[in-house]
Amino acid sequence: MAGGKVFLVGAGPGDPSLITVRGKALLETADVVLYDALSHPALLEFTSPSAELRNVGKRGGQNNPSQAWITAQLIELARAGRRVVRLKGGDPLLFARGAEEAEDLAAAGVDFEIVPGLPSPIAAAAYAGISLTHRDLSSSATFITGSDREGVEWTPDAWQRLATATDTICVLMGMRRLEEITAAIARGGRAPETPAAIVQWAARPEQRVLVATLGNIAARARQEGFSNPALVFVGEVVALREKLRWYDKKPLFGKRLLIPRAEHQARETAAKIRERGAEPVVFPVIRIVDPPDPGPLRTALAELAAYDWVLFTSSNGVDRFFAALEREGRDARALGAAKVGVIGPGTRAALQRHGVRADVTAREYVGEGLAREIGAARRVLVARALVARDALPDALRAGGARVDVVPVYQTLPAAAEKGAELRSLLEGGGVDVMLFTSSSTVENVTDLLGADAAALLAKVTVASIGPVTSDTLRARNVNIDATASTYTVEGLLDALEAHFA
Ligand code: SAH
C-alpha cells in the first residue's frame, strides 16, 4: 500500500469558490481534512462522505491549539497511510505557520506537498476595489503582520522604516495594535492624510469596508466596531475604490436568503446565491422518509422491463428510486430499454449522478410540459412523492397511456423545534429573503410555522419561482414580493435583484 501524505492546501479567503482547482481536487480525494476557522465551511462539502473532518481551530475544542498538537496529528495520520489535507485560509505559507508544519513533516520523514492559495490581502484588495499596485500610484506593496510576538514581529522601528520604503502597506492581524501601527507609520514620514482602508471578512457577504485616512482610521474603526479578520491598507491606491468598487455594490450583496431545503439539495442554489454576493441560509423544513407502503415500488421494480417510459419529477425521487434498486442488488441497467424523462435541470443532474442520461427533460418546469414532450406512450412509471399534483399522470392517461404512479418517498414536517428556530429567524431579522422553489416548500414552511405563518413571512421578502408556487403562496395568504419570469433559480435571483435594485 502506498504511504500516506500530507497536503498543505491554501483555501483562499472568504468565498469558497476562490480555492484552486488543485485544492478542490485534493479535498475530493482526501481521507482526512484538518481545517480551522478561516477556511469557509462550504469547502468541506467537496470532501467524500467517508472523509474524516477534524476542526483544529480555536473553536475546535482547544482554546489555543498548539502547533505541536496539530503537527502530531498530521504525522500520525500520514504514517497510518492516509491522504491528509491540512486546509488553511488564504495561502498556507503566508503568516500561517505552514512552513513550521512542513519543517516538522520533513524532520519526521513524512511526504508532503504545498498547494498555494489566494492570499487574503490580494483577494481583499480585489473585492474592495483597491489595486495594490498601479502605474501612476504605487510601484511596490508590502505584506506585514501586526501580530504581537513582542520584539520579533512587533517593532515600531520596523514600521517607521517601512513607512516610506514602500508605496502600499498591507497589514494582516493588525486590528489589536491599530493605533500604534498607524502612529508608527505616520512618525516614519507618511502624511496623516494618506488614504487608508480596512476590509473585514473580505470576499464574504459579511464584507465591510472602511475608507478613512492614516490619521483617523484607528479611531473610526473602533467607533464602527471593526475587528479581525480584517486587513488594513495604507496608500494612495485606496482612493481607487471609488471607481473600482464592484462586489459590495451587487444588488443582493449581504442579503441573507433562506433556502427551505436539505443541505445536499441546496448546494447548487447556495453557490449561485454566493455568486451574487448574498449569503445562503440552508434550513431543512422537511424530512424525507420511505413511503408508508413499500409494496407498489417493489412491484414496479420487478416489472421494470414492461415500461416504455420511467419519469422522475424531483431529485429526491431519483435518489430514492436508485436506493431501492441498489437494495435489491441491481443498478441502472435495470431500466433496460425504457426511456427516461425528467422535469427540470436539477432532476436531470440527479439522474446523471446515477449514470443515466435523461431522454427528455421537460422544457417547462411543470408536469403538463413533460407529458406533451413524451407524446404517445404505452406504459409509464411515474416515480414521485406520496403526495403530489396529478397533472402529469392525468395528461399521460388522456393521451392513452397506462400510468402507474408509484410513491418512492414521502415528506414529513421537520421536528417542532425547527419551527421555533425558523420563527425566531424571521422575527429577529436573521434572514432577509425566503426563497420558494416549489409548492411543497410553501406547504412545508407554512405548516412548520403554524397559524401566523403569513404574518411572519410578511416580515421578509418572499420570492416565488413560478406560477404553481405562487398559487400555493396565495392560497396560504402569503404576500409575494418577487416572481421569477424564467422558472429557474437564476430566474428567481434575477427577479430578486430587480426587486432590490
Ligand atoms: N494565510 C492567510 C493569513 C492568515 S493570518 C492568508 O494568506 O491570507 C490571519 C489574518 O489574515 C487575519 O487576521 C486577517 O488579517 C487576514 N485575513 C484572512 N482572511 C481574511 C478575510 N476573509 N478578510 C479579511 N482579512 C482576512
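Scroll up for the structure.
Please read all numbers here as calculations on a predicted model, not as lab measurements. (Residues numbered from 1 in each chain as written. Predicted model: local features only at pLDDT ≥ 70, side-chain atom pairs only at ≥ 80, totals over all residues. Heavy atoms only, no water.)

**Q** Which residues make up the site of the ligand, and what values go with them?
**A** Near the ligand lie 19 residues; those nearest to it are Asp 91, Leu 94, Ser 120, Ala 202 and Ala 230. Within the backbone of Ala 202, an N or O atom sits 2.8 Å from a nitrogen atom of the ligand. At a separation of 2.7 Å, an oxygen atom of the ligand approaches a polar backbone atom of Ala 230. When the ligand is considered free in solution it has 540 Å² of accessible area, and contact with the protein chains removes 94% of it. For the shell around the ligand, a count of residues per class yields 13 nonpolar, five polar and one charged. (Near = heavy atom within 4 Å. Polar contact = N/O pair within 3.5 Å; in protein donor to acceptor, adjacent residues only side chain to side chain. Areas by Shrake-Rupley, 256 points an atom, 1.4 Å probe, with all protein chains shown as cover. Nonpolar A, V, L, I, M, F, W, Y, C, P; charged D, E, K, R; others polar.)

**Q** Could you give an account of the sheet that holds strand β21 (residues 482–483), with specific residues and numbers?
**A** Strand order in the open sheet formed by five strands is β12-β11-β19-β20-β21, and the pairing between neighbours is parallel. Two strands close off the open sheet at either side, each with one partner strand: β12 (279–282) and β21. Across four bridges, strand β19 (residues 433–436) lies against strand β20 (residues 461–464) in parallel orientation. The partner of Phe 436 across the bridge, within β20, is Ser 464. (Pairing = 2+ DSSP bridges. Helix = DSSP H or I, 4+ residues; strand = E, 2+ residues; numbered from the N terminus.)

**Q** I'd like a description of unusual backbone geometry, backed by residues and values.
**A** That bond from Asn 228 to Pro 229 is cis: its omega, -5°, falls within 30 degrees of zero. Turning to its location among the elements, Pro 229 is positioned in the loop between α7 (217–223) and β10 (230–234). Phi angles above zero are rare outside glycine, and Phe 95 is one such case at about 45°. Mapped onto the elements of the fold, Phe 95 is located in the loop between β4 (83–88) and α3 (98–108). Phe 95 sits in the partly exposed class, given a relative accessible area of 33%. The backbone of Arg 97 sits at a positive phi, close to 60°, despite the residue not being glycine. (Buried < 20%, exposed > 50% of the residue type's maximum accessible area, 1.4 Å probe, protein only.)

**Q** Before we move on, can you summarise a nonpolar patch on the surface with the specific residues and values?
**A** Where nonpolar side chains cluster on the molecular surface, the patch consists of Phe 95, Ile 122, Phe 143 and Met 173 and spans about 310 Å² of accessible area. Looking at the secondary structure, you find Met 173 in the loop between β7 (168–172) and α6 (178–187). (Patch = residues over 30% accessible without salt bridge, like charges linked within 9 Å, V, L, I, M, F, W, Y side chains within 5 Å. Salt bridge = Lys/Arg side-chain N within 4 Å of Asp/Glu carboxyl O.)

**Q** Please provide a residue-by-residue account of the sheet that holds strand β9 (residues 208–213), values included.
**A** Strand order in the open sheet formed by five strands is β6-β7-β10-β8-β9, with mixed pairing between adjacent strands. The sheet terminates laterally at β6 (141–145) and β9, the two strands that pair on one side only. Across the sheet, the mean angle from the axis of one strand to that of its neighbour is 20°, orientation sign disregarded. With five bridges connecting them, strand β8 (residues 195–200) and β10 associate as antiparallel partners. The partner of Ile 198 across the bridge, within β10, is Val 232. Against the sheet, helix α4 (residues 120–128) contacts β6, β7, β8, β9 and β10, and its axis sits at roughly 75° relative to β10. On the sheet, helix α5 (residues 156–165) packs against β6 and β7 and is oriented at approximately 165° with respect to β6. (Axes fitted to C-alpha atoms, helices over the stretch in contact; angles between N-to-C directions. Contact = heavy atoms within 4.5 Å.)

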